[in-house]
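# Understanding the architecture of this molecule
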Amino acid sequence: MTAFPLPSSRSAVFAIAVASLWAASAHAQQNTAIAGPPAPVAPAVITRTTSGQATVRAIKLTAPLTVDGVLDEAIYTKEAAFGGLIQVAPDAGAPATERSDLWITYDDRNIYLSCRCYETAPPAEWIVNELRRDTGGLRNNEHIGVLFDTFYDRRSGFAFYTNPLGARADYSIVDEGASNTDWNPVWTSKTGRFDGGWTVEMAIPFKSLRYRAGPDQMWGMQIRRSVRHKNEWDYLTPVPRILAGPQALNRVSAGGTLVGLDLPETGKNIEVKPYAVARTTTDRVRTPQVTNSVGSEIGGDIKYAVTPNLTADLTVNTDFAQVEADEQQVNLTRFSLFFPEKRDFFLEGRGIFDFARGGNGAFGGSGGADTPQLFYTRRIGLDNGGVVPINVGGRLTGKLGKFAVGLMNIGTSGDAAFKAEPTNFTVVRVKRDVLQRSSIGAMVTNRSVGASGVGSNAVYGLDGAFLLSQALTAGAYWAQSQTTGITGDDQSYQGRLDYSVDNFGAKAEFLAVGRNFDPQVGFRRRSDINRSFGEVRFSPRPANQAVVRKFTATASGEYVENGRGTVETRVWRGHFDTEFANSDVVGIDVTRNYEFLRVPFTPSGAPKAIAAGGYGFSDVALSYAFGAQRRASGTIRVQGGQFYDGTIRSITIGPGNSFSTARIAILQRLALEPTYSVTRIERPTSSFTTQLARARVDYGFSPLMFASGLVQYNSADRAFSTNLRFRWEYAPGSELFLVYTDERDVREDRYATPTTVRGLKNRAVVVKISRLFRY
């Protein structure tokens, strides 16, 4: 069966434009029908229900605030502040230990958050060491933040937060799924100090948000304050204790209500962002080689708000020169490695394109690695280890009533050096809200030229995520691929249940991936499997205990058969950890594995392959994670035991997982993020050692300017790479980048092959400048 035909880049972009115009027309006709629900009688400043839910009145200004962090305008004495934040950690439900005086104000251009954050501790004890924008480390500083649910749907929102230095972070949330930290709106914040704390003023332009215009509008709202030197997290309204920490801000449905909003018309809301790039490039890997080639190019992006909640994007001659290099990995498994997306265009609005992964958590957890992704954006513009130019692309994302819509069409020009053919990529995603916090959806993906360079490939699927109660979620999906010349056994499906409260939890899952299921615009780690997984958790919080905050014990089992009924993987795992009041965590993992190898495989760095057959082996790992708020944080992990037909010993110093970093705050503006891992594997026929070293250094000149360096060494590939970047936001949304990158092969002669490129493999120096125009 062949893939069904989908349009070329030019015609598909045109189709997206037509769809945008249709949506704008439909919105105009329905505008009165979708007005927000009638606002309740406005409270004096704040009212609370008996359960702690807050309703806050926004204050309409007659003149804009002067955003300087001083809080000396008359409004701060004329209008009473609100506060009364509630702890989620360490003492869930108790009043915050530090006072916060808050105001939400607005005019016809901006909405403002102002706060006087009282602190009984002297500034020397505060944890304040971040200036970079959107860095994860900012969550581990003292900070104040707000999330606005601008359509009051209790599902999605926009979050902004800042620390006492004025560093800024922002992200968007779709259906309470993973946060999109690469959403970068224009906004500003200024901070100050007073005797007894610090102050902040944030100004968020309405042009940076999507909302319904008109009088008496209501938004959802949540406020988070971190008193990090106490490891304390405070919120405006109560949140589930299992979310103790920064992640509770993403539970949009738990937020309060903001009333009294007379919101201006959204206007055209068009953004045009052209760019210019100059570069010099050396590439000794491609054929023919390139040496000190000088070039330049121009391109740009256009963003148009079709309706208040539907956005069209157009990108021409797209360039990603400013993107940080991938972090290297050592692969000791027989499966492909997964690398996260870092390119801005593909990161914006990504939550809508999540299939069987976003939403209320129905698809999270340990089974995620084997669950195929129907849409993996790194399939576009990256091929066979090289960058393939993107000529033009269009995207339409947002909501129409209860429907979330995502359309994308990208055309690449191909590159003979990487054996990449000119290809058109199309993705269509539709999802409908059902019940309170549930959804059902469909997705179609297509690439006009298959990954092999012959024929084409398409995938279509259905998924659903359901909130059965506040603690019980369920999820399911079904998908089928169509690849030229391949028929049969081309489906994948999954069902999952997840029960989770603070002290207990349980998961059950079944996943099937057919032998010929091949999402070529997505990512597939394994095929021809039927996987069953179960896990139980017990996580008590000891009472009257000043040292220990929480114990967590989990036990899980995984069982994987291939299509012929042969057991390929069986894993029994036990885990126990103790979280201390200072946020340090000590843990132990015990694992019993069975792996059946259909064919021999060679781990990265190994001189000889492991023979086909069945292997049973066990290992133990001990870890200690230093709290992220510490001046020096990170995880030390030691592992020892069996590895197939041999033994393994390893030690890793670095991040504890993909959501954390190891970090040393050298100065208030200078930080080092180190990672070092060494693994020794001894087998009857051979032994080898792998090393992975990585260091990221960041220096913040101001909240709008920083420099960073990423240096890496991977002994398995004998690769040494350097990536240096300077970024300056010289005007709101307008940036200047200076980038230097190189990669070298440092292997000794005895490891070289006739095709090995010794020494310098590639190098580039890039200058890129962009300018944002808003209409």
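As the structure is a computational prediction, the values presented were derived from the model and not from experiment.

This brings us to the overall build of the protein. Scanning the protein for helices and strands turns up four helices and 42 strands. The globule rule puts the C-alpha radius of gyration for 775 residues at 28 Å, and the 27 Å found for the protein is close to it. Across the 775 residues of the protein, 51% fall into the buried class. Contacts in the protein between residues far apart in sequence, at least 24 positions, make up 60% of those at least 6 positions apart. Only carbon and sulfur atoms are counted for the fraction: they give 58% of the accessible area of the protein, which is about 32,800 Å². For the protein, the distance from the average position of its 86 positive side-chain charges to the average position of its 75 negative side-chain charges is 2 Å.

Of the residues in the protein, 91% have a pLDDT of 70 or more, and the chain-wide mean is 88. The spread of mean pLDDT over the elements of the protein runs between helix α1 (residues 9-30), the lowest at 47, and strand β6 (residues 110-118), the highest at 98. Predicted confidence for residues 1-7 stays below pLDDT 50, and this span has 25 contacts to residues more than four positions away or in other chains. Across residues 24-43 the pLDDT falls below 50, and counting only partners more than four positions away or on other chains, this stretch makes 22 contacts in the model.

This part is about empty space enclosed by the protein. Going through the model one piece at a time under the given rule, you end up with five cavities of 30 Å³ or more. The volume enclosed by the largest cavity comes to roughly 120 Å³. In terms of lining residues, the largest cavity is bounded by 17 residues, among which Asp383, Ala420, Glu421, Thr423 and Arg447 are the most central. Looking at the lining of the largest cavity, the elements that each hand over two or more residues are β18 (382-383) and β22 (423-434).

Backbone torsion omega between Ala89 and Pro90 reads 5 degrees, so that peptide bond is classified as cis. Along the polypeptide, Pro90 turns up in the loop between β4 (86-89) and β5 (100-106). The residue Tyr152 is not glycine, and still its phi comes out positive at about 50 degrees. As for its position among the elements, Tyr152 is in the loop between β7 (143-149) and β8 (157-162).

Time to look at the environment of Ile144. Tracing the backbone shows Ile144 in strand β7. Residues Ile144 and Val227 lie 83 residues apart in sequence; the distance between their C-alpha atoms is 9.0 Å. Setting aside residues no more than four positions away along its own chain, Ile144 makes contact with Leu102, Cys115, Cys117, Phe160, Tyr161, Thr162, Trp198, Val200, Met202, Ile223, Arg224 and Arg225.

Turning next to the nonpolar core. Ile111, Phe160, Trp219, Met221, Ile223 and Leu258 are the most contacted members of the largest nonpolar core, which totals 37 residues. Elements represented by at least two residues in this core include exactly β2 (54-57), β5, β6, β7, β8, β11 (197-205), β12 (214-227) and β14 (256-263). Setting aside chain neighbours within four positions, we find Met221 in contact with Val56, Phe82, Ile104, Val146, Leu147, Phe148, Leu236, Gly255, Gly256 and Leu258. Counting residues in hydrophobic clusters, the runner-up holds 25 residues, among them Phe320, Leu374, Ala479 and Ile529.

The next subject is the pattern of salt bridges. The full count for this structure, using the stated rule, is 56 salt bridges. Put simply, Arg168 and Glu729 hold a salt bridge, and the shortest N to O gap is 3.5 Å. Residue Arg168 is found in strand β9 (residues 168-173), and its partner Glu729 is found in strand β39 (residues 719-731); the two are separated by 561 residues along the sequence. With a relative accessible area of 4%, Arg168 lands in the buried category. By relative accessible area, which is 7% here, Glu729 ends up buried.

Right, let's talk about the sheet that holds β5 for a bit. Sheet strands line up and pair through hydrogen bonds in the backbone, either parallel or antiparallel. The mixed open sheet is built from five strands, whose spatial order is β3-β5-β6-β11-β10. In this open sheet, the two edge strands, each paired with only one partner strand, are β3 (59-60) and β10 (188-194). Pairing of β5 with β6, which is carried by seven bridges, proceeds in the antiparallel orientation. Bridge pairing in β6 links Leu102 to Cys115.

Moving on, we get to the pairing of strand β28 (residues 529-538). Side chains of β28 alternate between two faces, with Ile529, Arg531, Phe533, Glu535 and Arg537 buried and Asn530, Ser532, Gly534, Val536 and Phe538 left unburied. Where strand β27 (residues 504-513) and β28 come together, ten bridges link them in antiparallel fashion. Bridge pairing in β28 places Glu509 opposite Phe533. The pairing of β28 with strand β29 (residues 548-562) spans ten bridges and is antiparallel.

This next bit is on the pairing of strand β37 (residues 687-702). Across 13 bridges, strand β36 (residues 670-682) lies against β37 in antiparallel orientation. Bridge pairing in β37 places Pro674 opposite Ala695. The sheet contact formed by β37 and strand β38 (residues 705-714) spans ten bridges and is antiparallel. For Ser702, the partnering residue across the bridge sits in β38 and is Met705. The hairpin formed by β37 and β38 contains two residues between the paired strands.

Turning our eyes to something else, we now look at the packing of aromatic side chains. Enumeration according to the criterion identifies 29 aromatic pairs in this entry. Ring centres of Tyr460 and Trp478 lie 6.0 Å apart, and the angle between their planes is 50 degrees; this geometry places the pair in the tilted category. Here Tyr460 is found in strand β24 (residues 457-467), whereas its partner Trp478 is found in strand β25 (residues 472-483), with 18 residues between them in sequence. For Tyr460, a relative accessible area of 22% corresponds to the partly exposed category. On the basis of relative accessibility, which here comes to 27%, the residue Trp478 falls in the partly exposed class. Through pairs of rings, three or more aromatic residues link up here, namely Phe601, Tyr615, Phe617, Phe643 and Tyr644. The ring of Tyr275 has Lys768 sitting right over it, with the charged end atom 4.8 Å from the ring centre. Between Arg771 and the ring centre of Phe773, over which it is positioned, the NZ or CZ distance is 5.9 Å.

What follows is about a nonpolar patch on the surface. Among the surface-exposed residues, Phe626, Ile636, Val638, Ile651, Ile653 and Tyr676 lie close enough to one another that they form a single nonpolar patch of about 460 Å² accessible area. Elements represented by at least two residues in the nonpolar patch include exactly β33 (632-643) and β34 (646-654). With respect to the secondary-structure elements, Ile653 resides in strand β34. A residue is classified by how much of its surface remains accessible, and Ile653, at 42% relative accessible area, is partly exposed.

Further remarks concern the environment of Gln494. Residue position: Gln494 is located in strand β26 (residues 491-500). Spatially, the C-alpha atoms of Gln494 and Leu138 are 36 Å apart, while their sequence positions differ by 356 residues. A polar atom in the side chain of Gln494 sits 3.1 Å from the side chain of Thr371. Engagement of the side chain of Gln494 in a polar contact is seen with the side chain of Glu509, the distance being 3.4 Å.

Moving on to the environment of Gly656. Tracing the chain through its elements places Gly656 in the loop between β34 and β35 (663-665). Overall, Gly656 belongs to the partly exposed group, its relative accessible area being 46%. Separated by 33 residues in the primary sequence, Gly656 and Ser623 place their C-alpha atoms 8.7 Å from one another.

Turning next to the side chain of Glu73. By the element assignment, Glu73 lies in the loop between β3 and α2 (75-78). Buried and without a salt bridge, Glu73 has Arg116 as its closest oppositely charged side chain, separated by 8.4 Å. Polar side-chain contacts of Glu73 include one of 3.1 Å to the backbone nitrogen of Thr66. Setting aside residues no more than four positions away along its own chain, Glu73 makes contact with Leu65, Thr66 and Glu201.

How each quantity is defined
- Residues numbered from 1 in each chain as written.
- Predicted model: local features only at pLDDT ≥ 70, side-chain atom pairs only at ≥ 80, totals over all residues.
- Heavy atoms only, no water.
- Helix = DSSP H or I, 4+ residues; strand = E, 2+ residues; numbered from the N terminus.
- Rg over C-alpha atoms; globule rule 2.2 N^0.38 Å.
- Buried < 20%, exposed > 50% of the residue type's maximum accessible area, 1.4 Å probe, protein only.
- Contact = heavy atoms within 4.5 Å.
- Areas by Shrake-Rupley, 256 points an atom, 1.4 Å probe, with all protein chains shown as cover.
- Lys, Arg positive; Asp, Glu negative; His and termini not counted.
- Charge placed at Lys NZ, Arg CZ, Asp CG, Glu CD.
- pLDDT = per-residue confidence, 0-100.
- 1 Å grid on protein atoms, 1.4 Å probe; cavity = no way out; pocket = protein on both sides within 12 Å on 5 of 7 lines; lining within 4 Å.
- Points joined across faces, edges and corners; volume = space filled by probe spheres on them.
- Core = buried A, V, L, I, M, F, W, Y, C linked by side-chain atoms within 4.5 Å.
- Salt bridge = Lys/Arg side-chain N within 4 Å of Asp/Glu carboxyl O.
- Pairing = 2+ DSSP bridges.
- Phe/Tyr/Trp six-rings, centres within 6.5 Å; stacked < 30°, edge-to-face > 60°.
- Lys NZ or Arg CZ within 6 Å of the ring centre and 35° of its normal.
- Patch = residues over 30% accessible without salt bridge, like charges linked within 9 Å, V, L, I, M, F, W, Y side chains within 5 Å.
- Polar contact = N/O pair within 3.5 Å; in protein donor to acceptor, adjacent residues only side chain to side chain.

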